[in-house]
Amino acid sequence: MRELISPMAQMLKSREISSVELTEKYISAIEQDNKKYNAYVSTTFEKAIENAKNADDMLSRGEGNLLTGIPMTLKDNICSDGDLTTCASKILTGFRPYYDSTVWSKLKAQGAVMLGKTNMDEFAMGSTSETSYYGAPLNPRNVEHVTGGSSGGGAAAVCANLAPYALGSDTGGSVRQPASFCGIVGLKPTYGAVSRYGLIAYGSSLDQIGVLANSVKDSAIVFDTISGVDENDQTSVDFDFGSIADSLDEMDVKGLKIGIAKEYFEGINDEMKSAILDAVKLFEDNGAEIIDISLPVLKQALPVYYIIACAEASSNLGRYDGIRYGYRPESFNDVEEMILKTRTEGFGDEVKRRIMLGTYVLSSGYYDAYYKKACLLRENLIADFDEIFNTCDVLIAPTAPNTAFPLNFSGASPVDMYLSDIATVPINITGVPAISVPVKNDSNSLPIGMQIIGKKFSEKTIMQCAYFFEKNAETDIEEFKGGVVL
C-alpha cells in the first residue's frame with residue numbers, strides 16, 4: 001500500500017508545497033467528490049485553512065512532527081470545540097461540543113489540519129454505516145456496496161483520497177471491518193492505549209479510538225502521536241510504546257510464532273479462507289512458526305458482546321432527552337411527553353433496538369441470567385486469550401467473514417448483520433490490539449482483509465508483522481485513482 005504521511009511531510013518540510021496549498025487541494029477534492037461517496041457529514045474548511053496557516057508557521061520555525069500541516073478527519077462521534085458532532089443521529093441535530101477530545105488536542109498541538117467529520121452508523125451501532133441519519137457512505141471500490149461500519153465514512157474518505165488519514169472508533173470492529181471492506185489499513189489499539197476523552201460513548205468498556213490509513217507506517221505515525229495516558233480518562237494507561245513508526249522494519253519474522261485458530265475460519269467462504277492462509281504462508285516461508293490452535297470460547301463472543309454492548313448503550317444513551325441539547329419535538333404537553341417524543345423521533349430503529357435489548361438484560365429478574373453471565377463469560381475469554389499468547393506471539397484471522405455487502409442487502413436481518421462482527425468482537429471483549437491489512441481482491445474485485453492480533457500493548461509487534469506483510473506480499477488491490485493524488 002502507498003505511504004502518504006512521510007512523503008507529504010517531506011514535501012512540506014522542503015517547501016515544495018505549503019500546508020495551505022495541500023489543504024486547498026483536499027478541500028477542492030471533497031467539494032467535487034463527496035457527493036459521490038457521502039463520506040463527510042460536515043466540513044470545517046475555514047478552520048482548516050487557519051490551522052494550515054498555523055502549521056506553515058510551525059514548519060518555518062522547525063517545530064512539529066510528521067503530522068504537522070497534513071489534513072485529516074474525525075469520525076462524527078469525536079468531539080472538537082465548536083464543530084458539529086452528531087453521531088450521525090437526528091437526536092444530536094445541531095450539537096456543537098464546547099471542548100476538544102484528547103486525540104484532537106494532541107493532533108492539533110502538532111499542527112494537524114481537520115477537514116471535517118465523517119459519516120458513520122448512528123451512535124456507532126451498525127456494520128454497514130447505513131443506519132446514518134445522513135444516508136449511507138458509499139464504497140469507493142464499488143459504489144453499489146457498503147463501506148462497512150460503523151466508521152464507514154472515514155474509511156471511504158481515506159480510500160477515495162479525500163483525507164490522508166482518519167480517526168474512527170472501534171467498539172466491535174468499527175475501524176477494522178470498514179478498513180477491510182475498503183481495502184485500506186485499520187488499527188484498533190489496546191483498550192486504554194489511547195484516551196477516550198471526548199469520544200461520545202456507546203459501550204464504555206469496549207470503545208477504543210483507532211486509525212484508518214493507506215499504509216501500516218501511516219497508521220503507526222498517527223498512533224505514536226495520539227497514544228498515551230490522559231488524566232481526563234481514568235481507563236487510559238501509561239505505557240511506553242517508544243516510536244513504533246521508526247521500528248517497523250526491525251522485525252525478523254524468523255521464529256515468530258503465529259497462532260491460527262480454526263474457529264476463526266468456520267463459516268467463511270473458501271475464497272476468503274484461501275486468501276488468508278496464502279498470506280500466512282508468506283510468514284511461514286520466511287521462517288515463522290505456524291501453530292494450529294483451538295479457541296472454542298470464540299463461539300461465545302458474539303452473544304457476550306451484544307449483551308454487554310447493548311447494556312452499556314442503554315445506560316450511556318439515557319442522557320439524550322431533549323432538555324439540554326440536540327433535537328426536541330415542536331409540540332408536547334409536559335416534560336414526560338417531551339422526553340418520550342424526543343427519543344421516539346430522535347433515535348433510529350437500530351439504536352432503539354439496542355437500547356431496548358440493553359434495558360431488558362439489565363432489568364430485574366434478567367440481570368443475573370444475561371448481563372452478569374455475560375460478564376463472567378467475558379472473563380473466560382480474557383483468560384483464554386492470555387493463555388494463547390503464552391504460546392503465540394500473534395494470531396492471524398480474517399477481519400470479516402465476508403467482503404463488502406451490497407447496499408440495502410435484501411437478505412440481511414439484524415441478526416445477519418450482528419453475525420458479520422463475529423471475527424472482530426473478541427478483540428474488543430478482551431481489550432487486545434489488532435490491525436486489519438488488505439490481502440487481495442475476491443472474484444468480485446472487492447478487498448479481503450486480514451487481522452493480526454496481539455496481546456495487550458503489543459502494538460509494535462502487530463504493526464511490525466503487518467508492515468512485513470505489506471512490504472513483501474503481492475496484492476491485486478490497486479491504489480484508488482481519484483481525490484488528491486500528489
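Residues numbered from 1 in each chain as written. Predicted model: local features only at pLDDT ≥ 70, side-chain atom pairs only at ≥ 80, totals over all residues. Heavy atoms only, no water.

Engineer: Provide a residue-level description of the overall build of the chain, including the pertinent values.
Structural biologist: Helix and strand content of the chain: 15 helices and eleven strands. Compactness check: the chain gives a C-alpha radius of gyration of 21 Å against a globular reference of 23 Å for 486 residues, within 12% of the reference. Looking at the chain residue by residue over its 486 residues, the buried ones come to 60%. Within the chain, contacts between residues at least 6 apart in sequence are counted, and of these 76% link residues at least 24 apart. Counting only carbon and sulfur atoms, one obtains 48% of the accessible surface of the chain, whose full area is about 18,700 Å². (Helix = DSSP H or I, 4+ residues; strand = E, 2+ residues; numbered from the N terminus. Rg over C-alpha atoms; globule rule 2.2 N^0.38 Å. Buried < 20%, exposed > 50% of the residue type's maximum accessible area, 1.4 Å probe, protein only. Contact = heavy atoms within 4.5 Å. Areas by Shrake-Rupley, 256 points an atom, 1.4 Å probe, with all protein chains shown as cover.)

Engineer: Lay out the pattern of salt bridges with the relevant residues and their values.
Structural biologist: For side chains bearing opposite charge, pairing can occur when the charged atoms are close. Tallying each qualifying case throughout the model produces 14 salt bridges. Residues K471 and E3 are paired through a salt bridge, measuring 3.3 Å at the closest nitrogen-oxygen approach. In this pair, K471 sits in helix α15 (residues 459-472) while E3 sits in the segment before α1 (5-13), placing the two residues 468 residues apart along the sequence. The partly exposed category is assigned to K471, whose relative accessible area is 46%. A salt bridge links R61 to E63; the nearest nitrogen and oxygen atoms lie 3.0 Å apart. (Salt bridge = Lys/Arg side-chain N within 4 Å of Asp/Glu carboxyl O.)

Engineer: Before we move on, could you go through unusual backbone geometry and cite the residues and values that matter?
Structural biologist: Following G149, the chain continues to S150 via a peptide bond in cis, the omega torsion being 10°. Examined against the element boundaries, S150 turns out to sit in the loop between β3 (113-118) and α5 (152-159). A positive phi is found at S129, a non-glycine position, where the angle reads about 70°. Position of S129 among the secondary structure elements: in the loop between β3 and α5. In the Ramachandran plot, S445 falls in the positive-phi region, its phi being about 65° despite a non-glycine side chain. In this fold, S445 is placed in the loop between β10 (434-441) and β11 (447-454). A residue is classified by how much of its surface remains accessible, and S445, at 48% relative accessible area, is partly exposed.

Engineer: Give me the pairing of strand β8 (residues 289-293): which residues, what numbers.
Structural biologist: Where strand β7 (residues 257-261) and β8 come together, five bridges link them in parallel fashion. In the strand pairing of β8, I260 is matched with D292. Of the crossover connections in this fold, the one passing from β7 over helix α8 (residues 270-285) to the parallel β8 is right-handed. (Pairing = 2+ DSSP bridges. Right-handed = clockwise from strand over helix to strand, strands pointing away.)

Engineer: How would you sum up empty space enclosed by the protein? Please name residues and give values.
Structural biologist: Empty space left among the atoms is revealed by rolling a probe the size of a water molecule over them. By the definition in use, this model includes two cavities of 30 Å³ or more. The computed volume of the largest cavity comes to approximately 80 Å³. Lining the largest cavity are 14 residues, and of these A124, G126, S174, Y305 and D421 sit closest to its centre. (1 Å grid on protein atoms, 1.4 Å probe; cavity = no way out; pocket = protein on both sides within 12 Å on 5 of 7 lines; lining within 4 Å. Points joined across faces, edges and corners; volume = space filled by probe spheres on them.)

Engineer: So, helix α11 (residues 349-362): which residues are in play, and what are the values?
Structural biologist: Taking 1.5 Å per residue as the helical rise, α11 with its 14 residues ought to reach 20 Å, and the 20 Å between its terminal C-alpha atoms agrees with that figure. Here the buried face of α11 lies against α9 (301-316), α10 (335-346), α12 (368-388) and α13 (414-419). (Expected span 1.5 Å × (residues − 1).)

Engineer: Go over the nonpolar core with me, naming the residues and quoting the values.
Structural biologist: In terms of nonpolar packing, the biggest core is built from 144 residues, with F123, Y165, L167, Y264, I435 and M463 touching the most fellow members. A per-element tally of this core places α9 first, with eleven residues. Ignoring any residue separated from it by four or fewer positions in sequence, one finds L167 in contact with M72, T73, L74, K75, I78, V103, L107, I209, G210, V211, V222 and I226. Counting residues in hydrophobic clusters, the runner-up holds nine residues, among them A166, A179, C182 and I184. (Core = buried A, V, L, I, M, F, W, Y, C linked by side-chain atoms within 4.5 Å.)

Engineer: Residue-level account of a nonpolar patch on the surface, with values.
Structural biologist: A contiguous nonpolar patch, built from Y360, Y366 and Y370 and spanning about 280 Å² of accessible area, is present on the exposed surface. With respect to the helices and strands, Y370 occurs in helix α12. Given the relative accessible area of 33%, Y370 is considered partly exposed. (Patch = residues over 30% accessible without salt bridge, like charges linked within 9 Å, V, L, I, M, F, W, Y side chains within 5 Å.)

Engineer: Kindly report on the environment of S243, identifying the contributing residues and their values.
Structural biologist: Following the sequence through the fold, S243 ends up in the loop between α7 (216-226) and β7. Separated by 176 residues in sequence, S243 and L67 have C-alpha atoms that sit 14 Å apart.

Engineer: Tell me about the packing of aromatic side chains, residues and numbers included.
Structural biologist: Per the stated rule, a full pass over the model turns up 22 aromatic pairs. Considering the side-chain rings of F123 and Y320, the 5.1 Å spacing of their centres and the 50° angle between planes classify their relative orientation as tilted. Placement of the pair is F123 in the loop between β3 and α5 and Y320 in the loop between α9 and α10, with a sequence separation of 197 residues. When sorted by exposure, F123 lands in the same class as Y320, which is buried. (Phe/Tyr/Trp six-rings, centres within 6.5 Å; stacked < 30°, edge-to-face > 60°.)

Engineer: Got a sec to walk through α5? Specific residues and values, please.
Structural biologist: By the criterion of burial, α5 is predominantly enclosed, with eight of the eight residues buried. By the burial criterion, the buried members of α5 are G152, G153, G154, A155, A156, A157, V158 and C159. In this fold, the buried residues of α5 make contact with β1 (40-43), β3, β4 (165-169), α6 (176-182) and β6 (209-213).

Engineer: Go over the pairing of β4, please, and point to the residues and values.
Structural biologist: With five of five residues buried, β4 lies mostly within the body of the structure. Neither face of β4 is open: one carries Y165, L167 and S169, the other A166 and G168, and all of them are buried. Where strand β2 (residues 71-75) and β4 come together, two bridges link them in parallel fashion. Across the sheet, residue T73 finds its bridge partner in β4, namely A166.

Purely geometric stuff here, so don't read any function into it on its own.
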